[in-house]
Amino acid sequence: MNLLHANDTAGTYPQSWYAATADTLPPFPTLEGDHSADVCVIGGGFTGLSAALHLAERGFRVTLLEAQRMGWGASGRNGGQVGSGQRRDQMELEKMVGRDDARHLWSLSQDAKALVKSLSETHGIDCAHKPGVAHVDWKAGDVADEHAYAEHLAKNYGYTKIKPLDRAAVCDLLGTDVYHGGTLDMGAAHIHPLNFALGLARAAQKAGVTLYEQSEVTGIQQGDPVTINTAKGKISASHLVIACNAYLGGLHEKTAARVMPINNFIVATEPLGQDGAEALIAQDVAIADSKFVVNYYRRSADHRLLFGGGETYSYRFPKDIRALVRKPMLEIYPQLKDVKLDYAWGGTLGITVNRMPYFGRIAPNILTASGYSGHGVALATLAGRITAAAIAGQAEDFDVMSRVPTIPFPGGRTLRYPSLVLAMSWYALRDRFGL
């Protein structure tokens with residue numbers, strides 16, 4: 001089953017709060033006929049749009065192909081958190097890749113956050129960029145490790161924007177007493193992700209990128225030039241960037257074996273009023289908790305609670321997304337039991353075995369980046385920039401990312417689902433029983 005068509009109406013954004021409040025773009029044309037470019041980019045999400053923009057700014061003739069609409073996939077549906085660091089913490093990365101590469105990865109993650117902000121400011125993207133992400137702990141035993149990690153970052157990386165929170169401080173921040181402590185990272189941020197993606201598309205078009213929508217790629221023929229085929233046309237290009245993440249399908253088997261699509265879901269409550277929203281989250285910061293199946297939430301500009309929670313591992317979204325997400329929401333905020341959920345939507349993201357993104361050079365003139373594992377707002381945007389730099393001959397950052405070991409899922413693309421479902425179900429049970 002093709003995830004590009006499994007859960008959504010073709011050419012239409014999902015009925016999300018983001019889509020309802022987006023600074024929309026008119027549709028771009030569908031590719032027809034034969035064309036050429038210096039670089040073809042497949043995918044109109046953060047990675048692809050950032051790559052196209054940065055390549056055009058370097059003087060390349062760039063064509064971008066999107067199967068649906070710009071920002072249609074995970075880039076326009078996610079929790080909007082611009083997190084610090086990589087998906088794995090620095091102490092884990094020091095063991096995984098060594099201290100030097102771990103420091104380089106930290107530096108890149110700092111660049112990623114700064115890039116989201118600078119692109120918003122430079123191109124006038126109204127994506128409601130606001131500072132602050134709190135990480136809060138379900139289990140009392142996790143708090144000491146959370147605080148120790150903040151100390152590790154301050155001592156070894158000079159990062160002092162995270163402050164520890166005890167249980168009382170978390171209770172003051174959030175209108176719930178279910179958490180035991182955590183940290184508040186004021187160097188992280190949160191945004192309206194769909195508006196950010198649409199703003200990147202505007203900027204890319206202004207920089208000279210040729211953008212096509214509803215132009216699903218049906219095949220790639222490697223060579224020099226590489227040929228990219230769609231139902232109604234084809235592109236011949238000197239270089240290709242594959243930026244499809246969870247929606248890759250069968251376009252490249254080696255990448256597909258390393259990047260697993262999973263589904264995550266978000267609801268938006270009815271407007272609660274300023275006082276009602278601030279009673280849930282006192283400061284206008286985003287929240288992520290320590291459950292394996294993470295709950296993440298924040299206030300909206302119109303005083304709703306945007307709450308993400310629940311995962312599924314089949315191709316199809318559940319019939320009742322509201323019921324799926326309401327359950328974890330009420331575990332934290334039982335006072336919302338009678339509140340109407342005005343919006344409920346799902347999205348598909350790409351994860352890897354070790355939760356670090358997969359960067360690969362498929363051929364001398366074909367590069368790919370994907371598998372951000374829920375940490376993609378900043379990292380995917382950066383991936384576009386460093387992929388563009390690699391095509392221009394400056395590959396140091398791309399090579400550091402590509403050296404991070406990313407193994408295939410057991411069974412490859414064909415047999416990966418059964419093992420994933422078993423593993424995820426086990427961790428979900430641990431969450432449920434507090435283990």
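Quick caveat, the model's predicted, so the values are computed rather than measured. (Residues numbered from 1 in each chain as written. Predicted model: local features only at pLDDT ≥ 70, side-chain atom pairs only at ≥ 80, totals over all residues. Heavy atoms only, no water.)

J.: Tell me what's going on with unusual backbone geometry, and back it up with residues and numbers.
T.: Residue P225 is bonded to the preceding D224 through a cis peptide linkage, with omega at 10 degrees. Along the chain, the position of P225 falls in the loop between β8 (217–221) and β9 (226–230). For R355, which is not glycine, the phi dihedral falls at a positive 65 degrees. With respect to the helices, strands and loops of the structure, R355 is situated in the loop between β15 (341–351) and β16 (358–363). (Helix = DSSP H or I, 4+ residues; strand = E, 2+ residues; numbered from the N terminus.)

J.: With reference to specific residues and values, describe the packing of aromatic side chains.
T.: For the structure shown, the criterion picks out eleven aromatic pairs. Between F359 and F398, the ring centres sit 5.4 Å apart and the planes meet at 70 degrees, which makes this aromatic pair edge-to-face. Here F359 is found in strand β16, whereas its partner F398 is found in helix α13 (residues 396–403), with 39 residues between them in sequence. As far as the burial class goes, F359 and F398 line up, both buried. Among the aromatic residues, those joined into a ring-pair cluster are W17, Y18 and W345. If you follow R77 out to its NZ or CZ, it ends over the ring of W72, 4.6 Å from the centre. Of note, R103 hangs over the ring of Y157, and the distance from its end group to the ring centre comes to 4.9 Å. (Phe/Tyr/Trp six-rings, centres within 6.5 Å; stacked < 30°, edge-to-face > 60°. Buried < 20%, exposed > 50% of the residue type's maximum accessible area, 1.4 Å probe, protein only. Lys NZ or Arg CZ within 6 Å of the ring centre and 35° of its normal.)

J.: Please set out the pattern of salt bridges residue by residue, giving values where relevant.
T.: Evaluated as defined, the whole model comprises 14 salt bridges. One salt bridge in this structure joins D8 and R77, with 3.3 Å as the shortest N-O distance. On the criterion of sequence distance, the pair formed by D8 in the loop between α1 (3–6) and α2 (17–20) and R77 in the loop between β2 (62–65) and β3 (81–82) is long-range, its members being 69 residues apart. Across this residue pair, the class does not change: D8 and R77 are buried. A salt bridge links D23 to R202, with the nearest nitrogen and oxygen atoms 3.4 Å apart. Remark: R202 occurs in helix α8 (residues 193–206) and D23 occurs in the loop between α2 and β1 (33–42); sequence separation between them is 179 residues. Given the relative accessible area of 45%, D23 is considered partly exposed. Residue R202 is classed as partly exposed on the basis of its relative accessible area of 28%. Taken together, the shared-partner salt bridges connect D302, R304, K340 and D342 into one network. (Salt bridge = Lys/Arg side-chain N within 4 Å of Asp/Glu carboxyl O.)

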